[in-house]
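Chains, contacts and geometry: an overview
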Amino acid sequence: MIKTNKVKLEIHYDHIIHDYDLYKIQPIQTGDKDEEKCVMKRSLEKLDQLSPVLAVLYRYKGPVYLIFEKGRVCLEDLQSHINQYDKGAFVETLDINDPLSITPTELSQLLINMLPNMEFSQKFNNISGRYFSFNQKSFKKDCILAYHISLIESETSKQECMVYMEGESYHRLSKVLEYNNKYRNDILKLPRYYKSNEGYVLRRCLTPLSTDQCFVRRSVYRRQREDFVNSLDIHDIQGFENSKCGMLHQFYIDVDLHLNDYVQLHPIDLDNEQMANTYSDFLSQDYIKNLYNDLGVHLIDHVNNSSSKKMIDLIASKLNDRGIVNIHHDKGKQFNIALIHNQKYCKNNKIPDQHVSDLNFQHITYETCIARDNTIDVGDNIVDRILMELLIKRDIANRSISIYHWDWDKPVEYVTRESERRDNKRITKYFLLSVFPDGSMDYYKIEDDTSELYQRYESVFTNYKSSVYEPELLISTPNHQVLISNSKMMVLPDLKELDFRLNAYRKDKEISKSKLTRLLNSFVETNEEYREEIERILKSLNKNTYQYQEVARRVTKAGNPPLMNLATSLGRKFVKHCRDTSRIVLNPCLKSDVVKVFQHIYTLKDEEDSNKLYYYVGKKEPMKFTLVNACHIRRITVLEGALDDDFKKFIFDQLSVNFIRNNDYTVVPFLRKYIEEFKRLNKDS
């Protein structure tokens, strides 16, 4: 079973009605959504004149939901207050038992938005309409990294939803204005927030504050990349708590602690079957080595200083390590590797951008090769990435696939979509890549929205888009057509088990000889096959206490060996026995037990619809200690034909390649990467 962020809602309607008053406000429809929102916000900002609203929930082009403590605000007083600001708005008591008035997901979100007011005795006027989670790394000098938690309704059941977390950055307004004076008037109109004194609560400013006291959701630099935490960190308990999975675990705890009488979130597990453990049939390293040696690699130094020369020599050395010896130091017809300054350096020093838009070139920046201690370092991953990118660009130039053994005997079309807003109008384009049985390719861009082909693709991508699913890639071949969509549904480890093991384990923690003896004897009672080894261990016990790491761990060359090797079946079973019977964690075994779900490619069964298949892509090798991004679950929808074994293998083989994500699986068939390269070439030309 695979654990996910999908939950089943259990709502206790009678408890909510007993303890709270809920209202619905329908704003007047003016046609100007921004103005409608401003009017509504102004009326809600003054609600504490009646009684602080515990939470609100805004619906796009729809009503606003409010929740108050029981008996604090009556319908007539609330309507009178709203009329002072928005005379056309209509207030009514919310019938939470009527799904047409408010859905279970919306009601649950409203209750969750109330959490900050559940944690503090002094109630405040909570009109943000959102719920934020924070960790120890959220608050910096001029920036707050907040993690917005929302419920997204499932397509299959009104009683199910996804718990989704998304990072947002809020920067000190004075700093944003300092570096964006050109947009000063627009920035000053943005909603302002401040950090509450009670704790990690981000509140909207209801009274004017100076630009140095409040924050806005706008980066200081337009393209600034925020330092959001990893999805998962299992180095230690602190790392886990600061990760997104750790914050999600704490969110479930908070809901259970404060809202258990009103709503409960029951995680939903999905059935799975393992799909891929090895790579597909792609070209061997010997073939790649021979290809580069036949055509030659050209190293070009556009920086030209003493350090850059050392970098070029280091790159040449790493190529030699890979068996590539045909290396030149000038421009060639193909396979050129150019060392350049990055865009930031060029802009700051007012020199032309050194990047060249050429399929025969791959760039590596000088700044990338400077390590944190200012030493010169060119990582092996960077060199491997460059070599693969050059081969992909060669395929694009030749319009033929050479680094993958293409064996489908019919033409295949791959279609992606790109949409952007330009001059208050949304422009949508479709990009089509046709691959023929011999591996040759054709590329097309479809922009004419009156054409039959455009409208056909528009119908598919629009009809299958929802709050949960975002279509990514349409694959068509005679007798088969499928649509791959990304989703807001994600794979999770067992959060409770992770938290328990990380909290319970300390390698220097001690267990007494008597307690260890009892555990060994109880283990033998149900594992007779290990009696001889256990008796040997019992005889060897000559200390009053043992550190956990002395009892069970993997044997290394350094230090004294443990009583039992964790790499053996005895070690693994005894550690599990101690954990299950006495809640003693001699070794956390996180990689082999808890986070193993992030390894390999899995399909997830849909028992209700045979035309839909779900999958997610983990890592080829076991994860280290961190997982940067969550594994999203993707959906394959069959539009024509059937997802038979041959076509399924054809699709999943294109995920099991090592030349897109640098020796790791790719999340969608690798031909999408070729489409992106064709788009880039077409744009640059």
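All values derive from a computational prediction rather than experimental measurement.

**Considerations on unusual backbone geometry**
Positioned with a positive phi, Arg399 is a non-glycine residue whose angle comes to about 50°. Considering the arrangement of structural elements, one finds Arg399 in the loop between α13 (380-398) and β19 (412-422). The exposure class of Arg399 is partly exposed, given its relative accessible area of 36%. Its identity is not glycine, yet Cys589 carries a phi of approximately 50°, on the positive side. Position of Cys589 relative to the elements: it lies in the loop between α19 (569-582) and α20 (590-594). Since its relative accessible area comes to 10%, Cys589 is described here as buried.

**A look at the side chain of Arg553**
Counting through the fold element by element, Arg553 comes out in strand β27 (residues 552-553). For the buried residue Arg553, which engages in no salt bridge, the nearest side chain bearing the opposite charge is Glu550, 7.8 Å off. In terms of polar contacts, Arg553 uses its side chain to reach the backbone carbonyl oxygen of Asn560, at 2.4 Å.

**Some thoughts on empty space enclosed by the protein**
Rolled over the atoms, a probe sized like a water molecule indicates the empty space that remains. All chains considered together, the criterion is met by one cavity of 30 Å³ or more. For the largest cavity, the calculated volume is near 40 Å³. Along its surface, the largest cavity is lined by Lys591, Val595, Lys596, Phe598, Gln599, Pro622 and Met623. Looking at side-chain class alone, the lining of the largest cavity contains four nonpolar, one polar and two charged residues.

**Some points on the sheet that holds strand β3 (residues 55-58)**
Strand order in the open sheet formed by four strands is β3-β4-β2-β5, and the pairing between neighbours is antiparallel. With partners counted over all chains shown, the strands left at the sheet margins are β3 and β5 (90-93), one partner each. On average, each strand axis in the sheet is tilted by 20° relative to the strand beside it, whichever way the strands run. Inspection of the sheet shows strand β2 (residues 20-26) paired to β5 by four bridges, in the antiparallel sense. Within β5, the residue paired with Tyr23 across the bridge is Thr93. Each of β2, β4 (64-69) and β5 is contacted by helix α3 (residues 75-83), which is oriented at about 160° to β5, the strand it contacts most. Set on the sheet, helix α4 (residues 104-113) makes contact with β2, β3 and β4; between it and β3 the angle comes to about 140°.

**Some details on the environment of Lys573**
When you line up the elements, Lys573 lands in helix α19. Since its relative accessible area comes to 39%, Lys573 is described here as partly exposed.

**So, the sheet that holds strand β18 (residues 361-365)**
Spatially, β16-β15-β17-β18 is the arrangement adopted by the four strands of the open sheet, whose pairing is parallel. The open sheet has two edge strands, β16 (327-328) and β18, and neither has a second partner. Pairing analysis gives four bridges linking strand β15 (residues 297-301) to strand β17 (residues 336-340), with the strands arranged parallel. Looking at β17, one finds that Leu299 is bridged to Ile337. Across the sheet, helix α11 (residues 306-321) touches β15, β16, β17 and β18, and the angle it forms with β15 is around 165°.

**Let's talk about helix α15 (residues 495-504)**
Among the ten residues in α15, eight count as buried, and that is most of the element. Taken together, the buried positions of α15 are occupied by Leu495, Glu497, Leu498, Asp499, Phe500, Arg501, Leu502 and Ala504. The N-terminus of α15 is capped by Asp494, whose side-chain oxygen sits 3.3 Å from the backbone nitrogen of Lys496.

**Describing the pattern of salt bridges**
Following the criterion strictly, the structure yields 39 salt bridges and no others. For Lys70, the salt bridge identified is with Asp21, shortest N-O distance 3.2 Å. You can see Lys70 sitting in the loop between β4 and α3 and its partner Asp21 sitting in strand β2, a full 49 residues away along the chain. Lys70 gets classed as partly exposed once you look at its relative accessible area, which sits at 44%. A residue is classified by how much of its surface remains accessible, and Asp21, at 15% relative accessible area, is buried. A salt bridge links Arg531 to Glu528; the nearest nitrogen and oxygen atoms lie 2.5 Å apart. If you follow the salt bridges from partner to partner, you end up with Arg385, Glu389, Lys673, Glu677 and Arg680 in one network.

**Overview of the environment of Phe650**
If you trace the backbone, Phe650 turns up in helix α21 (residues 645-653). Relative accessible area serves as the criterion here: at 6%, Phe650 is assigned to the buried category. Taking the C-alpha atoms as reference, Phe650 lies 42 Å from Ser108; in sequence the two are 542 residues apart. Ignoring sequence-local partners within four residues, the contact set of Phe650 consists of Trp406, Trp408, Val412 and Tyr414.

Reading the values: the criteria
- Throughout, a residue's number is its position along its own chain's written sequence, starting from 1.
- Only residues with pLDDT of at least 70 get local features here, since the model is predicted, and only at 80 or more are side-chain atom pairs given and counted; chain-wide, interface and lining totals rely on the full set of residues.
- Hydrogens are left out, water is left out, and the side-chain values use all remaining heavy atoms of the structure.
- Strands here mean DSSP runs of E at least two residues long; helices mean DSSP runs of H or I at least four residues long; both are numbered from the N terminus.
- Whether a residue is buried, partly exposed or exposed follows from its accessible area with a 1.4 Å probe, protein chains only, as a fraction of its type maximum: under 20%, in between, or over 50%, in that order.
- Note on charges: Lys and Arg go in the positive column, Asp and Glu in the negative column, and His and the chain ends are not counted at all.
- By salt bridge we mean one thing: a side-chain nitrogen of Lys or Arg within 4 Å of a carboxyl oxygen of Asp or Glu.
- Here a polar contact means two N or O atoms within 3.5 Å. Within protein one must be a hydrogen donor candidate and the other an acceptor candidate, and residues neighboring in sequence count only if both atoms are side-chain atoms.
- With a 1 Å grid spanning the protein atoms alone, the term cavity applies to any set of points in which a 1.4 Å probe fits but cannot get out, the term pocket to an open set with protein on both sides within 12 Å along at least five of seven lines, and the term lining residue to any residue with an atom within 4 Å of a point.
- Grid points are joined across faces, edges and corners, and a volume is the space filled by probe spheres set on the points.
- Only Asp, Glu, Lys and Arg are considered charged in this grouping, and only Ala, Val, Leu, Ile, Met, Phe, Trp, Tyr, Cys and Pro are considered nonpolar; every other residue, Gly among them, is considered polar.
- Whether two strands pair comes down to DSSP finding at least two bridges between them.
- Fitting a line to C-alpha atoms yields each axis, with helices limited to the stretch in contact; the angle taken between N-to-C directions then spans 0 to 180 degrees.
- In this analysis, two residues are considered to be in contact whenever any of their non-hydrogen atoms come within 4.5 Å of each other.

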